[in-house]
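# Structure assessment
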Amino acid sequence: MFKEFKEFISKGNVIDLAVGVIIGGAFGKIVTSLVDDMIMPIIGIILGKINFTGLKLVITPAQGNKPEVAVLYGNFIQNTVNFLIMAFVIFLMVKFINKLRKSDKEAEEAVKEEVPTKEEALLAEIRDILKTK
């Protein structure tokens, strides 16, 4: 059982997944900071200095020991905007990476096309000999 577990852990897919989760978590913090600290204040100013997290619909106000009962729709708006911005940033990142991969593949294909294989060189030589006859 230990041997099987060791094989499972040492497979590339598991390690790649772990690295992806760790980097994703760190990247999530960067994007969260971007949204919370840079983008949302600008949106708040544009919309009249509204702080979305403070928006709420009070159902029952606080009375004595009873806490306020409210629908915090501002938090929902904030989290929705955060998600949309994060999804857009990830989309741009994936698009950029795909573009890099595509240009790498095109460069590899161009190199492959330029260097003929041994068979191609032999066939070209045979073709040239037949043309001269």
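Worth saying up front: this structure is predicted, and the values here are computed from it rather than measured.

### Side note on the overall build of the chain
- A tally of helices and strands in the chain yields 4 helices and 2 strands.
- Relative to the 2.2 N^0.38 estimate, which gives 14 Å for 133 residues, the radius of gyration of the chain is 29 Å and therefore markedly larger than a compact globule would have.
- Seen through its C-alpha atoms, the chain measures out along the principal axes to roughly 105 × 55 × 20 Å.
- When each of the 133 residues of the chain is scored for burial, the buried share is 7%.

### A look at the nonpolar core
- One finds Val31, Val35, Met40, Phe52 and Ile85 forming the largest nonpolar core, which totals 5 residues.
- Sort the elements by how many residues they give to this core and helix H2 (residues 12-46) lands first, with 3 residues.
- Excluding its chain neighbours within four sequence positions, the residues that come into contact with Val31 are Met86 and Val89.

### Some thoughts on the environment of Leu47
- The residue Leu47 is located in the loop between H2 and strand S1 (57-60) in this model.
- Put simply, Leu47 and Val81 are 34 residues apart on the chain and 14 Å apart in space, counted from C-alpha to C-alpha.

### A word on the UniProt feature "transmembrane region" (unreviewed entry) in the chain
- The sites that UniProt annotates as "transmembrane region" (unreviewed entry) are residues 12-31 and 76-97.
- In this annotation, residues 76-97 is assigned 100% helix and 0% strand; the end-to-end C-alpha distance for the span is 31 Å.

Definitions and cut-offs
- Just so you know, the residues in each chain are numbered from 1, in the order the chain's sequence is written.
- Thresholds applied to this predicted model are a pLDDT of at least 70 for local features of residues and 80 or more for the giving and counting of side-chain atom pairs; totals over whole chains, interfaces and linings are not thresholded and use all residues.
- With hydrogens and water excluded, all non-hydrogen atoms of the structure serve as input to the side-chain values.
- Under the scheme used here, helices are H or I runs from DSSP no shorter than 4 residues and strands are E runs no shorter than 2 residues, and both carry numbers assigned from the N terminus.
- Radius of gyration: over C-alpha atoms. The globule rule applied is 2.2 Å multiplied by the number of residues raised to the 0.38 power.
- Burial classes follow relative accessibility: with a 1.4 Å probe on protein chains only, a residue under 20% of its type's maximum area counts as buried, one over 50% as exposed, and anything between as partly exposed.
- Among the buried residues, those of types Ala, Val, Leu, Ile, Met, Phe, Trp, Tyr and Cys that are joined through side-chain atoms within 4.5 Å form a nonpolar core.
- We call two residues in contact whenever any of their non-hydrogen atoms come within 4.5 Å of each other.
- UniProt positions are given in the numbering used here, feature names are shortened, and annotations may be inferred rather than shown by experiment.

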